Structures are given as C-alpha cells and as structure tokens.
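Spelled out from the first residue to the last, the chains are:
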Amino acid sequence: MASRLLCASSMIASHLRISISQRGFSSVVLKDLKYADSHEWVKIEGNKATVGITDHAQEHLGDVVYVELPDVGRSVSQGESFGAVESVKATSDINSPVSGKVFQVNQNLSESPALVNSSPYEQGWIIKVELSDAGEVKKLMDSDKYSKFCEEEDAKH
Amino acid sequence: MIVNGFKDLGLPLMNIVKLRGTPILQQLVLEERLLRSSFENWCIINDGTNVPTIVMGMSGKPCELVELEPVVKDGIPVIKRFTGGGTVIVDESTVFVSLICNRDDVPNVQPYPRSVMAWSGSLYSHVFNGISGFQLRENDYVFGDRKFGGNAQSITRNRWIHHTSFLWDYNENNMAYLKLPSRVPQYRLERDHTDFVCRMKDYIERSVFIEKTINAVGTQFLLKELSLDEIDDSRREHLESTRLLTMDELKESLANTSRIKSIAQAV
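Report on the accompanying structure. All of these numbers come straight from a predicted model, not from anything done at the bench.

Analysis parameters
All residue numbers here refer to positions counted from 1 along the written sequence of the relevant chain. Whichever chain is written first is A, and whichever ligand is written first is 1; the rest continue in order. Local features are withheld for residues below a pLDDT of 70 in this predicted model, meaning they are given only at 70 or higher, and side-chain atom pairs are given and counted only at 80 or more; totals for whole chains, interfaces and linings count all residues. Working from all heavy atoms in the structure, the side-chain values ignore hydrogens and water. A helix here means a DSSP run of H or I that spans at least four residues, while a strand means a run of E at least two residues long, and both kinds are numbered starting from the N terminus. Note that the radius of gyration is over C-alpha atoms, with the globule rule given as 2.2 Å times the number of residues to the power 0.38. Exposure classes here rest on a 1.4 Å probe applied to the protein chains alone. A residue is buried below 20% of its type maximum, exposed above 50%, and partly exposed in between. A contact between two residues is defined here by any heavy atoms of the two lying within 4.5 Å. Note on areas: Shrake-Rupley with a 1.4 Å probe; residue coverage comes only from the protein chains shown. Just so you know, the count uses Lys and Arg for positive and Asp and Glu for negative, and it drops His and the chain ends. By convention, the point assigned to a charge is CZ for Arg, NZ for Lys, CD for Glu and CG for Asp. A pair of strands is considered paired only if DSSP assigns at least 2 bridges between the two. Buried area is a sum: the accessible area each of two parts loses on coming together, probed at 1.4 Å, counted once for each and added. Each salt bridge in this description consists of a side-chain nitrogen of Lys or Arg and a carboxyl oxygen of Asp or Glu lying within 4 Å of one another. All residues other than Ala, Val, Leu, Ile, Met, Phe, Trp, Tyr, Cys, Pro, Asp, Glu, Lys and Arg, Gly among them, are scored as polar; the first ten of these are nonpolar and the last four charged.

A word on the overall build of chain B. Secondary structure assignment for chain B yields 8 helices and 12 strands. Relative to the 2.2 N^0.38 estimate, which gives 18 Å for 267 residues, the radius of gyration of chain B is 19 Å and therefore close to what a compact globule would have. By principal-axis analysis of the C-alpha atoms, chain B measures approximately 70 × 45 × 30 Å. For chain B, with 267 residues in total, the buried portion stands at 52%. Taking the intrachain contacts of chain B between residues at least 6 apart in sequence as the baseline, contacts between residues at least 24 apart amount to 80%. By element, 50% of the accessible surface of chain B is carried by carbon and sulfur atoms, the whole surface being about 12800 Å². Considering chain B, the positive charge centre built from 31 side chains and the negative charge centre built from 34 side chains are found 4 Å apart.

This is how it looks when you write it as structure tokens:
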C-alpha cells in the first residue's frame, strides 16, 4: 500500500515537475529551475532571470518577518549577497545565483514577507535580473543535484 | 597571548576581545566589520556600555517600538543594528557576549537561526551549570520563565554572528522608553516587562559569569586574547548598515505618529 502511494505521488510529482526527497519530511524542488549551494533558485527566461530562496531554505529559516530588497538598477554578482531576510531574530543574506542588473523587485514582500514561506517559488520571488553572463548558469545545480545536496547537508547535522 | 593552557587539539582559533564600558555603537560597528571582512573567529565581551542606549533590530521602526516623546525629550540615542530580533535598552548594567564564527569551524551547526541558537544554548548551559531553571526558551535565555538574555544573529554565506545582551541589572525607568512589541514570545503570556524579565545578578557573580563564558568557549576553540588596538578592521568593502538614528529622524517619526493620532481622533 505504502509503495503504491509512493508510486502514485512520484507520478503526480513528475507531472508537476516536482522532486520529492525520500526523507521523513520533504522540501519541494522544482525541475525547471537551477539552484545555488546557498539555497537560492533561479528561473531563466532568455536573458532574464527570476530569483528567490528555496523551500528548503524557508523551512530552515522559520517565519520570515522582513525582506531587505535591493534597489532597482543595482548590479548583482554570482555568489554575492544582494539582500537579506529576517526570521527568528536572525538576518540571513540572500546571495545572487547569477550576475547582472536588477530590473524588478517584488514589492509585495514589503507588506507580506511571509510569501517567502508560503510560496517560495511563485509569489515569494525576490528579484528579477537582466543577465550579464548567461554562461554562469552552468555552474548551478539542476533539481536532482540540488535535492541530493540538501539531503547530504541535512544528514550531516 | 594564548589564554587557555590546553594543548592545541586541532581546535580552531578564536580571538577573544574583552572590553568594558565601550559604547554599544562602536561595538556593533566593529562586529559588523569583523563578520563581513574578517576570516577569523571572534568572541567579544563588553562588560557594560557607557550610556543608556536603545538598540533596534534590522527591521525595527521607532514609531512601533519606542516611546518617541520621552526618548526625544531625554535625548536617548537609538541605534539600528545589523542583526535581526527585537529592541533593547542597554546601559552599564548590560553584559554583551558576541560570537562570530566561520561556518566550517563549527561544522555541526547549520547556518540557520535555530541551529545556531541550539549550539549557543548548549554552550551557555555549561556556563550556568548548577543554576536551577536555566534554559533556552524559544529564542531567549531564561531562569524559569523570566528572561535575562536576548539574542540576535546575522548569517552570511560562510560565517555567522550570535550576540547576546545579558541583563546583569536594569533600571526600571529605562524600560519605560520601550513599547510592548507586537511580536512577543508565547511564554511571555501578556506579562508586562517587570514580570517578564529578571536580573542575572540574582543568580551569578558578574566576574564569574565572564570567566565561565570564556572557559566554555575555550572547550571548542583555542583562545587568543587581543586588545581593541590590535584588531585589524581596515578591510571595509561591505556596506555598513549599523547606524545611529539622527534626532531629526526621531522627531519626524514622532511628528508623523502625532499626525496619525490626530487624524484618527478626528474621524
């Protein structure tokens, strides 16, 4: 019965382009995104990119109460901090998975920072970037690699 | 000068800086620089600060957290710090302990708030060993259900800071400068400030606390004592976010609050 349920959920997950890890609790990893080892995701559309933090990150951070957004027009570099989220008494850097120029920030996060928790891949997106080096995306992880990365990280602790 | 006499057991190095009466703004600016620009581990202990000062977290808004009228009238400094968390009023009776660590030097700690807090809670359980009722409760250090230590953190890609303000003693009049925050821990249970906090001096000697904290850190790190003058904080490539709010900003916030109140009353 359990194996049939797992099979069914895997089929649904495959249809929805979601990876479900085999751990006791699962964070969502979407198949059409790329991932940084600092737990940000990026969606590439031509020379534009949308960036946010992953479900794994928001789970571990706890309730997000504030998002520090960069100014539109600011340059970002792959691996460098561009903003921060505040949760559980901590500010945590958000690092850009790509290099380029910020052309849009998610202003909804000023009023509703919890969107990062409730909808990390959709309404909780943080910035949109015009890419300066599309080749950098090759350095990021795909969904399978990222899922494994998360499992290994959590297993160490 | 190496402080602890233990042999190097492959422990990572921690620089320890002991201050007394250093202005809290100077301490916080230094901490932000060390977090962002240093590659070393640091333990900073400031035994009291020089003047009563209000310190808000990164997202703090004065109109929501501070009684602006008396603060402006009495000229109380208000700082916005680079870490998260709530608002405190600190003075010569507050003891500060800050731990800045490389992620790789504390490998059993994930760079997330709860993991860092669990590690620090364990460290301080050694400091307060034998004192009944000490625990990390939600995000505070308490004796029983009374808070005596408030925590805050900032986490970067490869490093994190966990710093604590310990209420060695406090002036109840100073507490009146702070509003009741909208976000409070569940265990507070609608208690007002005087019923919610306690004084650390009722539980442990000040010098004993500092000595035991250094010893506890020394079980995980090889300690090296440095004076303030010996710290090289010349690398400042980062944007500094810790700052003192100007009196004009506070007055403007007060004026806006008064305006909103008047409109609300008129409606």
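What follows covers the environment of B:Ile89. Residues and elements named next belong to chain B. Among the secondary structure elements, Ile89 is positioned in strand S5 (residues 88–90). For the pair Ile89 and Asn171, spaced 82 residues apart in sequence, the C-alpha to C-alpha distance is 9.5 Å. When neighbours within four sequence positions are excluded, Ile89 is seen to be in contact with Thr53, Ile54, Ile76, Asn174, Met175, Tyr177 and Leu178.

Residues and elements named next belong to chain A. In spatial order, the strands read S3-S4-S5-S11-S10-S7; together these 6 strands make up an open sheet with antiparallel pairing. On the outer flanks of this sheet lie strand S3 (34–35) and strand S7 (75–76), each paired with one strand and no other. Note: S7 against strand S10 (residues 100–105), 2 bridges, orientation antiparallel. In the sheet register, Val76 faces S10, and the bridge partner there is Gly100.

In many reports, interface size means the accessible area that the parts give up when they come together. At the interface, 26 residues of chain A touch 27 residues of chain B. Between chain A and chain B, a total of about 2200 Å² is buried, with carbon and sulfur atoms accounting for 48% of that surface. Where chain A packs against chain B, one counts 4 salt bridges. For the side of chain A that touches chain B, the secondary-structure elements that each account for two or more residues are helix H2 (55–61), strand S6 (64–68), strand S8 (81–87), strand S9 (90–95) and helix H5 (143–155) of chain A. Residues that form the side of chain A that touches chain B fall into these classes: 7 nonpolar, 11 polar and 8 charged. Direction of pairing for S9(A) relative to strand S9 (residues 146–155) of chain B: parallel, over a ladder of 3 bridges. Its bridge partner lying in S9(B), A:Thr91 is registered against B:Ser154.

On to the pairing of strand S5 (residues 48–53) of chain A. Residue and element names in this part refer to chain A. Across the 6 residues of S5, 5 count as buried, placing the element largely inside the fold. Two strands pair when backbone bridges link them, and strand S4 (residues 40–45) and S5 are joined in this way by 6 bridges, in the antiparallel orientation. By the bridge assignment, Ile44 is partnered in S5 with Ala49. What sits between the antiparallel neighbours S4 and S5 is a turn of 2 residues, in which Gly46 has the positive phi angle 65°.

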